[in-house]
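Given next are the chains, with one letter for each unit.
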Amino acid sequence: MKNERPKISIIVPVHNASQFLERCIKSLVNQTLKGIEVLIIDDNSNDDSLIVANKLQETYSNIRVLPQKRNLGAGAIRNLGVTEAKGKYILFVDSDDWIEFNSCSILYDIAEINDLELLIGTFRNRTSNVSVEPSVENRAYNVEVTNGNNFLRNHTTNTAVWAKLWKLDFVRGYDLKNKEGRTYEDLPMVLEGIIKSKRIAKIDFPFYNYFIDN
């Protein structure tokens, strides 16, 4: 992988998430798809998040830890991740959430076969008493490729940047960014990304586990 472009860069913003971080990162480094890089961007945490991140980096060769000297906020951290990413596609995962172990393989194959700029999946709300063992889904997905305007007329989606696979050249080409210094910082990127998409699809694949107890 050192001499090849990663297939997917996974961007993980971290701020005071030491108790959840290992669960999140292990779901990423143990993906069935090979050729993944994980960017852990610590937003000047004042707990043990950076210590945990550095230990994980020592264990897994496809992790890069990028510590920040001052608190920037989730939007700015995600934007930094886009700048630093090397993969063909990017995936955003919050540090207290996790994804199924076959997520990247399924998403990557569908995006490649259909030449997608944006692939939207679904998610499950999770609580602390739910097992983090993956629910392995291995079935064919109905993929209807359309453009952004048609997508907005015919589909619904959550307005978070996560649970979506983004083509990096598409994101950079349109300079799609999280709004910095505000709540719901990812809403502008999602809406503009959908509108600008010439090839977008949504599949009923709840690969993203959203931890609602935090």
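Right above here is the structure, for reference.
> Talk me through the overall build of the protein; I want residue IDs and the actual numbers.
Within the protein, the regular secondary structure consists of seven helices and eight strands. Relative to the globule expectation of 17 Å for 214 residues, the C-alpha radius of gyration of the protein, 16 Å, shows essentially globular dimensions. Projected onto the principal axes, the alpha-carbon positions of the protein cover approximately 45 × 40 × 35 Å. Restricting the contact set of the protein to residue pairs at least 6 apart, pairs at least 24 apart contribute 85%. As displayed, the protein has an accessible area near 10,400 Å², and 45% of this comes from carbon and sulfur atoms.

> An account of the side chain of Asn 178 is requested, with residue identities and associated values reported.
Among the structural elements, Asn 178 can be located in the loop between α6 (168-173) and α7 (187-196). Sequence-distant contacts of Asn 178, that is, excluding residues within four places in its chain, are made with Gly 75, Arg 78, Asn 79, Val 161, Glu 185, Asp 186 and Met 189.

> Summarise a nonpolar patch on the surface; cite the residues concerned and give the values.
Together, Phe 123, Tyr 210 and Ile 212 make up an exposed nonpolar region whose accessible area comes to about 240 Å². You can see Tyr 210 is positioned in strand β8 (residues 200-211).

> Kindly report on helix α3 (residues 74-84), identifying the contributing residues and their values.
Within the sequence span of α3, burial applies to Gly 75, Ala 76, Ile 77, Arg 78, Asn 79, Gly 81 and Val 82. Its buried side turned inward, α3 meets β1 (8-14), β2 (36-42), β4 (89-92) and α6.

> How would you summarise the sheet that holds strand β5 (residues 98-99) if you had to cite specific residues and measurements?
Sheet strands line up and pair through hydrogen bonds in the backbone, either parallel or antiparallel. Spatially, the eight strands line up as an open sheet ordered β3-β2-β1-β4-β7-β6-β8-β5, and their pairing is mixed. Strands with a single pairing partner mark the edges of an open sheet, and in this sheet they are β3 (63-67) and β5. Two strands pair when backbone bridges link them, and β4 and strand β7 (residues 164-167) are joined in this way by three bridges, in the antiparallel orientation. Bridging from a neighbouring strand, Tyr 89 pairs with Lys 167 of β7. Helix-sheet contacts for helix α1 (residues 18-29) involve β1, β2, β3, β5 and β8, and the interaxial angle to β1 is about 175°. Across the sheet, helix α4 (residues 103-114) is in contact with β1, β2, β4, β5, β6 (118-126), β7 and β8; its angle to β8 comes to roughly 165°.

> Can you lay out the pattern of salt bridges for me, pointing to particular residues and giving the numbers?
Counting across every chain of the model gives eleven salt bridges. Across the salt bridge formed by Glu 84 and Arg 64, the nearest N and O atoms sit 3.4 Å from each other. Taken together, the residues Glu 84 in helix α3 and Arg 64 in strand β3 connect sequence positions 20 residues apart. Note on Glu 84: relative accessible area 29%, which makes it partly exposed. Salt-bridge contacts for Arg 78 lead to Asp 94; the nearest nitrogen and oxygen are separated by 3.1 Å. Of this pair, Arg 78 sits in helix α3 while Asp 94 sits in the loop between β4 and β5; the two residues are 16 residues apart in sequence, bridging distant segments of the chain.

> Account for the pairing of β8, naming residues and giving values.
Where burial is concerned, most of β8 is hidden: nine out of the twelve residues are buried. One ladder, built from two bridges, connects β5 with β8; its direction is antiparallel. By the bridge assignment, Ile 99 is partnered in β8 with Tyr 208. In this sheet, β8 lies alongside β6 in parallel orientation, the contact comprising eight bridges. Each bridged residue has a counterpart across the sheet, and for Leu 118 the counterpart in β8 is Ile 200.

What counts and what doesn't
Residues numbered from 1 in each chain as written. Predicted model: local features only at pLDDT ≥ 70, side-chain atom pairs only at ≥ 80, totals over all residues. Heavy atoms only, no water. Helix = DSSP H or I, 4+ residues; strand = E, 2+ residues; numbered from the N terminus. Rg over C-alpha atoms; globule rule 2.2 N^0.38 Å. Contact = heavy atoms within 4.5 Å. Areas by Shrake-Rupley, 256 points an atom, 1.4 Å probe, with all protein chains shown as cover. Patch = residues over 30% accessible without salt bridge, like charges linked within 9 Å, V, L, I, M, F, W, Y side chains within 5 Å. Salt bridge = Lys/Arg side-chain N within 4 Å of Asp/Glu carboxyl O. Buried < 20%, exposed > 50% of the residue type's maximum accessible area, 1.4 Å probe, protein only. Pairing = 2+ DSSP bridges. Axes fitted to C-alpha atoms, helices over the stretch in contact; angles between N-to-C directions.

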